[in-house]
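# Structural features, examined
Spelled out, the chains give:
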Amino acid sequence: SQTIHQWPATLVQPVGSPLSLECTVEGTSNPNLYWYRQAAGRGLQLLFYSVGIGQISSEVPQNLSASRPQDRQFILSSKKLLLSDSGFYLCAWRSERGANEQYFGPGTRLTVT
Amino acid sequence: GNSVTQMEGPVTLSEEAFLTINCTYTATGYPSLFWYVQYPGEGLQLLLKATKADDKGSNKGFEATYRKETTSFHLEKGSVQVSDSAVYFCARSTGGFKTIFGAGTRLFVKA
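We now turn to the structure provided with this report. This is a predicted model, so every value here is computed, not measured.

Before going further, it helps to spend a moment on the overall build of chain B. Summing up its helical and strand segments, chain B has zero helices and 12 strands in all. Going from the N terminus to the C terminus, chain B shows its helices and strands as β-β-β-β-β-β-β-β-β-β-β-β. Compactness check: chain B gives a C-alpha radius of gyration of 13 Å against a globular reference of 13 Å for 111 residues, within 12% of the reference. The principal-axis extents of the C-alpha atoms in chain B amount to approximately 45 × 30 × 20 Å. Looking at the 111 residues of chain B, the share that counts as buried comes to 42%.

Next comes the structure, spelled out in structure tokens:
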């Protein structure tokens with residue numbers, strides 16, 4: 001069966017510091033991968049998605065970037081965090097079989113102070 | 001365009017009450033439809049899905065029927081429990097790589 005991991009689970013970072021969030025998927029190959037952000041009490045905002053190694057599509061111009069160095073690894077980064085980067089970051093992978101549903105990781109709670 | 005609209009919350013119910021959360025979508029073609037649930041501090045979990053008109057998705061006592069004529073996919077449960085308190089998201093596929101999510105509806109169930 002497939003599993004998706006995210007770490008760290010929680011992170012408190014000062015403004016201007018760098019960021020690296022990691023997501024890995026097990027049990028599937030060549031998945032489509034996604035990064036979402038969820039502000040407190042709000043819906044999902046798609047940040048990036050990737051259909052293969054080195055292929056990144058950005059949905060919202062902002063202070064963040066993404067990379068996919070390996071087939072089942074997806075990294076979200078920032079060189080200098082802003083207060084507005086605070087939120088709950090969710091990684092997801094999509095099944096290419098059946099209904100193309102997405103499966104989400106446990107999330108990373110980021111607080112920028 | 002492609003969009004998903006779901007009823008605003010919060011929805012507050014007493015235990016064993018009947019639940020309906022409305023969801024409508026706009027689309028060309030025949031998207032797959034989904035309901036996800038998010039418990040506090042966790043990621044989203046797929047609750048149920050339907051891939052074509054008149055399909056009924058069901059799981060854990062929740063049901064939703066794909067209604068093409070009304071472009072709706074309303075979530076229902078006959079008797080809610082306190083443990084059902086969560087945020088529920090309606091979503092649809094786009095035919096491409098993305099999934100469109102509704103804004104979410106928060107459900108509170110009181111004992």
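Okay, the environment of Leu-46 of chain A next. The residue Leu-46 of chain A is located in strand β5 (residues 44–52) in this model. In sequence terms Leu-46 of chain A and Tyr-36 of chain A are 10 residues apart; their C-alpha atoms lie 4.5 Å from each other. Sequence-distant contacts of Leu-46 of chain A, that is, excluding residues within four places in its chain, are made with Tyr-34, Trp-35, Tyr-36, Glu-59 and Val-60 of chain A together with Lys-98 of chain B.

So, on to the sheet that holds strand β8 (residues 62–65) of chain B. All names here are of chain B. As summarised here, the arrangement of the four strands in space is β3-β9-β8-β7, forming an open sheet in which the pairing is antiparallel. With one partner strand each, in any of the chains shown, β3 (19–21) and β7 (56–59) form the two edges of the open sheet. Averaged over all adjacent pairs, the angle separating strand axes in this sheet is 15 degrees, with direction ignored. Note: β3 against strand β9 (residues 75–77), three bridges, orientation antiparallel. Its bridge partner being in β9, Leu-19 is matched across the sheet by Lys-77.

About the thresholds
- Residue numbers run consecutively from 1 along every chain, following the written order of its sequence.
- Each chain gets a letter, beginning with A, and each ligand a number, beginning with 1, in the order they are written.
- Reporting in this predicted model follows two pLDDT cut-offs: at least 70 for local features of residues, and 80 or more for side-chain atom pairs to be given and counted; totals over whole chains, interfaces and linings ignore these cut-offs and use all residues.
- Water and hydrogen atoms play no part in the side-chain values, which are based on all heavy atoms of the structure.
- In DSSP terms, a helix is any run of H or I states spanning at least four residues, a strand is any run of E spanning at least two, and both are numbered starting from the N terminus.
- Using C-alpha atoms as the atom set, the radius of gyration is obtained and then compared with a globule rule of 2.2 Å times the number of residues to the power 0.38.
- Per-residue accessibility, obtained with a 1.4 Å probe over protein chains only, is compared with the maximum for each type, and a residue is labelled buried under 20%, exposed over 50%, and partly exposed between these values.
- Residues are treated as being in contact if the distance between any of their heavy atoms lies within 4.5 Å.
- Being paired, for any two strands, means DSSP has found at least two bridges between them.
- To obtain an axis, a line is fitted to C-alpha atoms, over the contacting stretch when the element is a helix, and the angle between two such axes runs from 0 to 180 degrees between their N-to-C directions.

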